[in-house]
Amino acid sequence: MSADDFIVTPWHVEGDIDYDKLVQKFGTEKISVELQNRIKKITGEDHFMLRRGIFFSHREMNRILDDYEKGNKFFLYTGRGPSGHTHIGHLIPWAFAKWLQKKFDVNMYFQLTDDEKFFSKPNLTLEDTEKFAYENALDFIALGFNPEKTKIIINTKNIQTLYPIAAQVAKKINFSNTKATFGFTNETNLGMIFYTSLQSAPCFIEDKPVLIPLGVDQDPHFRLTRDIAPKIGKPKPALIHNIMIPALEGPGGKMSASDENGTVYTTDAPNVVKKKINKYAFSGGRPDIEEHRRLGGNPDIDVSYQYLRIFFEPDDNKLRSIYEDYKSGKLLSGELKAILIEKINTFLAVHQEKREKAREKIDQFLFENK
Ligand code: TRP
């Protein structure tokens, strides 16, 4: 792989992603200023993730808004493959989904694909992925979704509901379609080959159009879903994509739940967060203080700065002064890391408390098969 190459698939992300190229490659649309303004006008709020291009791409978001303005509601859907504890990168689409739910007052489905991660991870048992599914559900609930309008689907528990829909989907996707989309080979297990039909199923769980906020790596599944939707007489799912949060060690690769040190988990203690950021967060600073003061740092490649931009510092004025101070050399790398550590730990203190309280609420959220 050459320096400016990158790979983005649901099971593998590698390299320094060029998002403009990715939009072309995937055939999605960039979120235009017009679309940003339209969302701002309808919701009455200028969400920082849209303003900063954290959500950068979409498929048919305008159709969802056209329908909404005619009085036809949509529903929201996103998900998580429970291969480990939740890390802070997962919170991006979930936090945004929570905001959309509040603004549009719509139903939300959250799919936990314990089967998928069992199929795709050689070292995980079905018991492991089931355990993580419940742990991940706590993080999701902790974000504050409306309990009246939100359901959590766990694939192995809700298969009775999912299967009739998945069967409709599976009949319309052939092996060469999935092979071309995901690069499957003769060694790929059958679970993986069938899996897209299960990730598609929640798109059709209600008789309304769906909007899916998601990491752009998951787009290929829904490209297939969109192709077959008319063939089964259903509306195509609309999507809104966020960028991948970089791993702590820096450009190249998304944060992976299986790389302990490249990742901040929502379950990490304050001293663990501090150690990880100080030790592993890729720095855009200069090798020594004298040089840093003289030449300044590079916030654009600095992972601590990127985490502030992507999630932890929604205030543009504060973010701008951090950017400028770092670039001018006034702010040192250690000081920038200290700002991020403080932000993450303040967030996690509240989140972890809500996460524990969610244990009592979980039953209210779990989808019940009819
Ligand atoms: N496959 C996703 C993952 O590995 C989980 C998932 C299921 C999902 N349904 C989804 C993600 C819908 C986004 C939208 O994380």
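Residues numbered from 1 in each chain as written. Predicted model: local features only at pLDDT ≥ 70, side-chain atom pairs only at ≥ 80, totals over all residues. Heavy atoms only, no water.

## Structural notes on helix H1 (residues 19-26)
Worth spelling out the cut-off: For the exposure calls, accessible area comes from a 1.4 Å probe over protein chains only, and a residue counts as buried if that area is under 20% of its type's maximum, exposed if over 50%, partly exposed in between. Strands are runs of DSSP state E lasting at least two residues, helices are runs of H or I lasting at least four, and both sets are numbered from the N terminus onward. Relevant arc is that of directions from the helix axis to the C-beta atoms, nothing else. Residue contacts follow a heavy-atom distance rule, with two residues in contact if any of their heavy atoms lie within 4.5 Å.
Every buried residue of H1 is listed here: Tyr19, Leu22, Val23 and Phe26. Down the axis of H1, the buried set is contained in an arc of 105°. They therefore lie on one face. Of the residues in H1, the exposed ones pointing more than 90 degrees away from the buried face are Gln24 and Lys25. Tucked inside the fold, the buried residues of H1 contact strand S1 (6-9), strand S3 (29-30), strand S4 (55-59) and helix H11 (219-228). Phi turns positive, to about 70°, at Gly27, one or two residues after H1.

## Brief notes about the packing of aromatic side chains
Selection criterion: We call Phe, Tyr and Trp rings a pair once their centres come within 6.5 Å, taking the six-membered ring for Trp, and we label the pair stacked below 30 degrees between planes, edge-to-face above 60, and tilted otherwise.
Enumeration according to the criterion identifies 21 aromatic pairs in this entry. Residues Tyr163 and Phe194 carry aromatic rings whose centres are separated by 6.3 Å and whose planes lie at 35° to one another, so their mutual orientation is tilted. Of this pair, Tyr163 sits in helix H8 (residues 159-172) while Phe194 sits in helix H10 (residues 190-200); the two residues are 31 residues apart in sequence, bridging distant segments of the chain. You can call Phe194 partly exposed: its relative accessible area is 29%. One aromatic cluster is present, formed by Trp94, Phe110, Phe140 and Phe145 through successive ring pairs.

## Remarks on the domain arrangement of the chain
The criterion, for reference: Residue ranges labeled as domains rest on an automatic or database domain assignment. A quick way to say it: buried area is the sum, across both parts, of accessible area lost when two parts are put together, with a 1.4 Å probe. Any carboxyl oxygen of Asp or Glu that lies within 4 Å of a side-chain nitrogen of Lys or Arg is treated as forming a salt bridge with it. Throughout this description, a polar contact denotes any pair of N or O atoms lying within 3.5 Å of each other; where both atoms belong to protein, one of them has to be capable of donating a hydrogen while the other can accept it, and for residues adjacent in sequence the pair is counted only when both atoms sit in side chains. Side-chain classes follow a simple rule in which Ala, Val, Leu, Ile, Met, Phe, Trp, Tyr, Cys and Pro form the nonpolar group, Asp, Glu, Lys and Arg form the charged group, and the remainder, Gly included, forms the polar group.
Looking at the assigned domains, one finds that the chain contains domain 1 (7-248) and domain 2 (260-356). Spacing between the C-alpha centres of domain 1 and domain 2 amounts to 28 Å. Across the contact, 22 residues belong to domain 1 and 30 residues belong to domain 2. Here domain 1 packs against domain 2, burying approximately 2300 Å² in sum over the two surfaces, 65% of which is carbon and sulfur. Of all residues in domain 1, the largest losses of buried area upon contact with domain 2 belong to Arg52, Ile88 and Leu248, amounting jointly to 37% of the total for that side. Residue Arg355 is joined to Asp139 by a salt bridge in which the shortest nitrogen-to-oxygen separation is 2.9 Å. The interface formed by domain 1 and domain 2 holds 14 residue pairs in polar contact (both at pLDDT 80 or more) in total. Breaking the side of domain 1 that touches domain 2 down by element, the ones donating at least two residues are helix H3 (48-51), helix H5 (91-104), helix H7 (126-142) and strand S10 (246-247). If you tally residues by element for the side of domain 1 that touches domain 2, the top one is H7, at 4 residues. Here the side of domain 1 that touches domain 2 is composed, by residue class, of 15 nonpolar, 3 polar and 4 charged.

## Concerning the pattern of salt bridges
Taken as a whole and judged by the stated rule, the model has 26 salt bridges. We note a salt bridge from Asp20 to Lys30, for which the minimum N-O separation is 2.7 Å. On the criterion of sequence distance, the pair formed by Asp20 in helix H1 and Lys30 in strand S3 is long-range, its members being 10 residues apart. Residue Arg294 is joined to Glu290 by a salt bridge in which the shortest nitrogen-to-oxygen separation is 3.0 Å. Here Glu290 and Arg294 lie together in helix H13 (residues 289-295), a separation of 4 residues that amounts to about one turn. Under the relative-accessibility criterion, Arg294 is labelled exposed at 55%.

## Points about the sheet that holds S3
How we decide: Pairing between strands is defined by DSSP: at least two bridges between the two strands are required.
Read from one edge of the open sheet, 7 strands run S3-S4-S9-S8-S5-S6-S7, paired in mixed fashion. Only two strands of the sheet have a single neighbouring strand rather than two, namely S3 and strand S7 (150-154). Both S3 and S4 contribute to a ladder of 2 bridges, which runs antiparallel. Pairing of Glu29 across the sheet is with His58, part of S4.

## Concerning the site of the ligand
Condition: Throughout, near means a residue has at least one heavy atom within 4 Å of the molecule or strand. What sets the accessible areas is the Shrake-Rupley method with a 1.4 Å probe; for residues, cover comes only from the shown protein chains.
If you check the shell around the ligand, you find 15 residues, and the closest are Tyr77, Gln111, Glu116, Gln199 and Gln218. At 2.8 Å from a nitrogen atom of the ligand is found a side-chain nitrogen or oxygen belonging to Gln199. Here the ligand, which alone exposes 360 Å², has 93% of that area covered by the protein. When contributions to the shell around the ligand are tallied by element, the ones reaching two or more residues are strand S5 (75-80), helix H6 (114-120), H10 and strand S8 (210-215). Considering each element in turn, the shell around the ligand owes the most residues, 4 residues, to S5.

## Things to note about the pairing of S5
The buried count for S5 comes to 5 of 6 residues, which makes it a mostly enclosed element. Sheet topology note: the S5/S8 ladder contains 2 bridges and is parallel. Bridge assignment links Leu76 to a residue of S8, and that residue is Leu211. Relative to strand S6 (residues 108-112), S5 runs parallel, the two being bridged by 5 bridges. Bridging from a neighbouring strand, Tyr77 pairs with Tyr109 of S6.

## Side note on the packing of H10 against H11
We count it as follows: What counts as an axis is a line fitted to C-alpha atoms, over the stretch in contact for a helix, and the angles between N-to-C directions run from 0 to 180 degrees. Oblique is the label for every angle not falling under 35 degrees (roughly parallel), over 145 degrees (roughly antiparallel), or within 65 to 115 degrees (roughly perpendicular).
Contact pair H10 / H11: the axes reach a minimum separation of 9 Å and the direction vectors enclose 75°. Classified by the angle between their axes, H10 and H11 sit roughly perpendicular to one another. On H11, the residues that touch Tyr195, Thr196, Gln199 and Ser200 of H10 are His221, Phe222, Leu224 and Thr225.

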